[in-house]
Amino acid sequence: MKKSFFAFLLISNFIFAQSKGLIAEKAMVVSAREEASQIGIDIIKKGGNAFDAMIATQLALAVAYPYAGNISGGGFMVYRKANGEIGSLDFREKAPAKATKNMYQDPNGNVIPNLSTDGALCVGIPGSVAGIFEVHKKFGKLPLKDLFEPSIALAQKGIIVTAKEKEKLDENRAIIVKISGDKTLYNKTFNVGDTIKYLALANTLEQILKKGRNEFYKGKTAQKLVDFIQEKGGIISMKDMAEYQVVWRKPISFQHKDLTIISMAPPSSGGITLAQILKMIEPYPLNAFGHNSEKYIQVITEAERRAYADRNYFLGDPDFVKIPQKALWNDKYLKDRMSTFTFDQATKSAEVSHGEVSVYESDETTHYSIVDSEGNAVSVTTTINGAYGSKLFCDELGFFLNNEMDDFSSKPGVPNSYGLVGAEANSIAPRKRMLSSMTPTIVEKNGKLFMLLGSPGGSMIITSVLQTILNVTEFNMNIQEAVNAPRFHHQWLPDEIQFEPQKFDQLLLETLAKKGYKINEKVAPVIGKVDAILVLPDGKLEGGADFRGDDKAVGF
């Protein structure tokens, strides 16, 4: 026992030794790659605002981080302007018009393995390019030329392969080649230090810059994309592309102690689920329990279990489904939900379910946080869903296609790729947006900007954001310590707590197991990759870039 505790201490001390975040006086961008963060900051230095930097960073991630960065996926943006005005943009992908509720099932009603995750049939109508143009139209200061050209140059110059990127490429190469063909750019072994040039992507970006939004949705680029998808067995049409629209939505906003938390509304489940968990845990003295202590883990786990059961049953695209938000946030309802919890014994997930339901969501998403020199804040999570999306790479256009259709419930009650179990609310329908766990979040304290953050991680996004907020507000960590701290996750089904391996004391895990909690340290070597910015008391900005990836904060 002593040995395991000392090993735990050594690991903890190593992590927390790397615990000072970058401090900047005026502006900051934190993203999955240094190249993208630098491009975003350069735009602000040039006189652009956070929204200009959002566009430039999104494009740069499409080049530098094809694992999840994209122009062929979608996402959500939550913003807070310097004057306190808040809002959000939904540029989530949509199902094609030919999509059907049972399209991933065989004649007997069984879900066909991999049909909703690999290849052209799982591609949703992309929203990222529409999102970029919509943000620029409403908030942009600099001309689009200034925002596109750095990423075009980056694609032409090429990206240097990092150790973590090589690992991802090696792990996915066989399936990428199988789906995309042996002539694909990715049919070779890349080593650390190699440069990958994306000349086709540079050309695509040039065409979009030259001809505007319509080039991607109605022009030659759209036609090439649709022809490619259909040739590979997909169902997206030119009409689907031409009809795609983004939606400005009212963000989820709620109080937690002295904080106002602003997060994404459906079709993101992030804001509502985050609110439910924070409201359920509010009566408990988390600080007195201690960080990642037995009682702390129990309270968080039991609140997560109940909130995810609700998420999976009630939430979906609000344009298709009536979501009982007020009922889900009702104090009495949430108190009743937690009334069956006792510190003596784990609650069984079967006891808190709303019926036989089940869904799964991918963890290969990416988040970036931006604060500009005027005080505008932008929190954006964007995705092509799986690792390299559908694994289908369009060599002519230079990018991977998403596999976002897997975020629907292929069959209510059957888990998706993230193990999430969905119900009728998130079933497939033409032109419907699929439910997401993406949780771009901004936190105010005493009416002022305090923190912004988000994470990739599929179903683990919400719990990663939750724990990072609590690390700062309950345990007085700086933002880098809060991001670095070991994380755990429960999502109702499967009924287990996932822990980052070898980051928690084994004696603690044994004690939890004796209380009936199923412990899993194998499934999730990484739980989220949080990129966050904290506003310090003196007004300076501290960036927290997650060491679990190549993430980097850049500021001035």
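So, how was this worked out
Residues numbered from 1 in each chain as written. Predicted model: local features only at pLDDT ≥ 70, side-chain atom pairs only at ≥ 80, totals over all residues. Heavy atoms only, no water. pLDDT = per-residue confidence, 0-100. Contact = heavy atoms within 4.5 Å. Helix = DSSP H or I, 4+ residues; strand = E, 2+ residues; numbered from the N terminus. Expected span 1.5 Å × (residues − 1). Buried < 20%, exposed > 50% of the residue type's maximum accessible area, 1.4 Å probe, protein only. Pairing = 2+ DSSP bridges. Axes fitted to C-alpha atoms, helices over the stretch in contact; angles between N-to-C directions. Parallel < 35°, antiparallel > 145°, perpendicular 65-115°, else oblique. Left-handed = near helix turned anticlockwise from the far one by under 90°. Nonpolar A, V, L, I, M, F, W, Y, C, P; charged D, E, K, R; others polar. 1 Å grid on protein atoms, 1.4 Å probe; cavity = no way out; pocket = protein on both sides within 12 Å on 5 of 7 lines; lining within 4 Å. Points joined across faces, edges and corners; volume = space filled by probe spheres on them.

A few points about the confidence of the model for the protein chain
In low-pLDDT segments, the atomic positions of the prediction should not be examined closely. Looking at the protein chain, pLDDT values average 93 and 93% of them are 70 or higher. Segment residues 1-17 is flagged for pLDDT under 50; beyond a separation of four residues in sequence, or across chains, it makes 17 contacts in the model.

Some details on helix α2 (residues 34-45)
The first and last C-alpha atoms of α2 sit 16 Å apart over twelve residues, in line with the 16 Å expected at 1.5 Å per residue. Those residues of α2 not exposed but buried are Ala36, Ser37, Ile39, Gly40, Ile41, Ile43 and Ile44.

Section: helix α4 (residues 128-139)
When the terminal C-alpha atoms of α4 are compared, their 16 Å separation across twelve residues agrees well with the 16 Å that a helix rising 1.5 Å per residue should span. Burial runs high along α4: ten of the twelve residues are buried. Along α4, the residues that are buried comprise Ser128, Val129, Ala130, Gly131, Ile132, Phe133, Glu134, Val135, His136 and Phe139.

Side note on the sheet that holds strand β20 (residues 541-544)
Judged by pairing direction, the sheet is antiparallel, and its seven strands sit side by side in the order β1-β20-β19-β15-β14-β9-β8 without closing on themselves. Each edge of the open sheet carries a strand with a single partner, namely β1 (22-24) and β8 (252-256). Sheet twist, expressed as the mean angle between neighbouring strand axes with direction ignored, is 25°. Where helix α11 (residues 270-281) meets the sheet, its contacts fall on β8, β9 (259-263) and β14 (441-445), and the angle it forms with β8 comes to roughly 15°. Packing against the sheet, helix α16 (residues 461-473) makes contact with β9, β14, β15 (448-453) and β19 (532-535), and its axis sits at approximately 135° to β15.

As for the packing of α2 against helix α5 (residues 144-157)
The geometry of α2 relative to α5 is characterised by a closest axis approach of 10 Å and an angle of 150° between their N-to-C directions. Of the possible angle classes, the one that applies to α2 and α5 is roughly antiparallel. Considering how the two elements wind past one another, α2 and α5 form a crossing that is right-handed. Taking contact as the criterion, the partners of Glu35, Ile39 and Ile43 in α2 are, on α5, Asp146, Leu147, Pro150, Ser151 and Leu154. Classifying every residue of the contact of α2 with α5 gives five nonpolar, one polar and two charged.

Concerning empty space enclosed by the protein
In this approach a probe as big as a water molecule rolls over the atoms, and the regions it shows empty are the leftover space. The tally for this structure, following the rule as stated, stands at two cavities of 30 Å³ or more. Taken as a whole, the largest cavity holds about 80 Å³ of empty space. Along the wall of the largest cavity there are 14 residues; nearest its centre are Ala62, Pro66, Gly69, Phe399 and Phe400. Taken together, Arg33, Ala64, Tyr65, Pro66, Tyr67, Lys164, Glu165, Lys168, Tyr388 and Asp550 make up the lining of the second largest cavity. Take the lining of the second largest cavity: its biggest share by element is three residues, from helix α6 (residues 163-180). In terms of residue class, the lining of the second largest cavity is built from five nonpolar, no polar and five charged.

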